Amino acid sequence: MSLRQILGKIGLAFAVLVMVSPAVLFFLWMASLSIKFEVDNAAYPPIFIPDRFAFKNYADVLASNRFLTYFINSLLVTGTATGLAMLVGVPAGYGIARMAAHRSAVVILIARITPGLSYLIPLFLLFQWLGLLGTLWPQIIIHLVVTVPIVIWIMIGTFETTPMELEEAALIDGATRWQVFRHVALPIARPGMAVALILAVIFSWNNFVFGIVLAGRETRTLPVAVYNMISFDQLSWGPLAAAALIVTLPVLLLTVFAQRQIVAGLTAGAVKGG
């Protein structure tokens, strides 16, 4: 290995370390806050590893503030919104890619980069008129505004890089367009579908604004539950950090277990020949 290659690898490792270390540090510090008593959290100089651990912070979070109800609400909202987004977005991405509908792709891109707050006020008025405020349906519907463009945009790029030869051969053999999509295109596009699914779950699960505006007392989601733990009278850092970690844990586990599919989906088509 030449000196230039060695220096290149060292530079790459240093760049990765610089980019990743702040996120890792914040995560570790949050974990430290979650297992400390309030006396240790307020100590100066700061204590990273305490002498005694306050695991009761996690028990207090799970036992209070309707946390289990909010967790179930998040599962229902995220699961339904993601499932509907995949059901609509995957065929839409395939159709746009195969028809080379570039104008439609631009519209999807605009919908993707438009802030969700732009849709919040008109949809709020619509849900109020329909009498749906305070239920889970407004949150599910408005989460589709976020998840559907993500899925469609990723699937457009995925299907554009999949080989057309297999689909053309299936059409010649007498398969219908639907059979080609179901039995040829979908199996090849599984890595891209995994990426779209995971990103849709992350964006839906972490959404805060929609939940706090459209939800009722019994239909709030987990990010809103964490926010409700902040009060003007007292701010308990231990339970707050524990709640934040509990909210992060499902998405973190999903990302860790599906990291191979994520890498495969993000690099799909990178080595495709001309």
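Look above for the structure.
Because the structure is predicted, anything quoted here is derived from the model rather than measured.

Rules of the game
Residues numbered from 1 in each chain as written. Predicted model: local features only at pLDDT ≥ 70, side-chain atom pairs only at ≥ 80, totals over all residues. Heavy atoms only, no water. 1 Å grid on protein atoms, 1.4 Å probe; cavity = no way out; pocket = protein on both sides within 12 Å on 5 of 7 lines; lining within 4 Å. Points joined across faces, edges and corners; volume = space filled by probe spheres on them. Helix = DSSP H or I, 4+ residues; strand = E, 2+ residues; numbered from the N terminus. Nonpolar A, V, L, I, M, F, W, Y, C, P; charged D, E, K, R; others polar. Salt bridge = Lys/Arg side-chain N within 4 Å of Asp/Glu carboxyl O. Buried < 20%, exposed > 50% of the residue type's maximum accessible area, 1.4 Å probe, protein only. Phe/Tyr/Trp six-rings, centres within 6.5 Å; stacked < 30°, edge-to-face > 60°. Lys NZ or Arg CZ within 6 Å of the ring centre and 35° of its normal. Core = buried A, V, L, I, M, F, W, Y, C linked by side-chain atoms within 4.5 Å. Contact = heavy atoms within 4.5 Å. Polar contact = N/O pair within 3.5 Å; in protein donor to acceptor, adjacent residues only side chain to side chain.

(A) Summary view of empty space enclosed by the protein. For the structure on display, the rule yields one cavity of 30 Å³ or more. Approximately 30 Å³ is the volume attributed to the largest cavity. If you go around the largest cavity, the residues you meet are Ser74, Thr78, His143, Ser204, Trp205, Asn207, Thr221 and Pro223. Those elements that place two or more of their residues in the lining of the largest cavity are α4 (67–99) and α10 (190–205). Looking at side-chain class alone, the lining of the largest cavity contains two nonpolar, six polar and no charged residues.

(B) Local environment of the layout of surface pockets. If you add up the space inside the second largest pocket, you get close to 210 Å³. As for the second largest pocket, its lining consists of 14 residues, and the residues nearest its centre are Thr114, Pro115, Gly116, Val146 and Asn207. For the lining of the second largest pocket, the elements supplying multiple residues, two or more each, are α5 (102–113), α6 (117–130), α7 (137–160) and α11 (209–214). The biggest single contributor to the lining of the second largest pocket is α7, with three residues.

(C) Up close: the pattern of salt bridges. All told, the structure shown has two salt bridges when counted by the stated rule. The closest approach of N and O atoms between Glu167 and Arg98, which form a salt bridge, is 2.8 Å. A residue pair is termed long-range when its members are at least 10 positions apart, and Glu167 in helix α8 (residues 165–172) and Arg98 in helix α4 qualify at 69 residues. Note on Glu167: relative accessible area 2%, which makes it buried. By relative accessible area, Arg98 is classed as partly exposed at 21%. Between Glu167 and Arg177 there is a salt bridge whose closest N-O contact spans 3.7 Å. In this pair, Glu167 is assigned in helix α8 and Arg177 in helix α9 (residues 177–188), connecting sequence segments ten residues apart.

(D) Region of the structure containing the packing of aromatic side chains. The tally for this structure, following the rule as stated, stands at six aromatic pairs. Taking the centre distance of 5.7 Å and the plane angle of 25° together, the rings of Phe53 and Phe55 count as stacked. For the ring pair Phe71 and Trp205, a centre distance of 5.9 Å and an interplane angle of 80° mean the geometry is edge-to-face. Of this pair, Phe71 sits in helix α4 while Trp205 sits in helix α10, placing them 134 residues apart in sequence. Residue Phe71 is classed as partly exposed on the basis of its relative accessible area, which comes to 26%. Residue classification places Trp205 among the buried positions, given a relative accessible area of 4%. Members of the aromatic cluster, each reached through a chain of ring pairs, are Tyr94, Phe159, Trp178 and Phe181. The cationic tip of Lys36 hangs over the ring face of Trp29; the distance from NZ or CZ to the ring centre is 4.7 Å. Its end group placed over the ring of Phe37, Arg52 keeps NZ or CZ at 4.4 Å from the ring centre.

(E) Summary view of the nonpolar core. Within the largest apolar cluster, 32 residues are counted, with the highest numbers of intra-cluster contacts made by Val90, Val151, Met155 and Phe159. Of the residues forming this core, the biggest block, ten residues, is contributed by α7. Not counting residues up to four positions away in its chain, the partners in contact with Val151 are Ala85, Met86, Gly89, Val90, Ala196 and Ala200. Membership of the second largest hydrophobic core comes to 13 residues, among which are Val61, Leu222, Ala243 and Val247.

(F) Just the environment of Thr135, in detail. Within the element layout of this structure, Thr135 appears in the loop between α6 and α7. The partly exposed category is assigned to Thr135, whose relative accessible area is 30%. Separated by 68 residues in the primary sequence, Thr135 and Phe203 place their C-alpha atoms 20 Å from one another. In terms of polar contacts, Thr135 uses its side chain to reach the backbone carbonyl oxygen of Leu132, at 2.6 Å.

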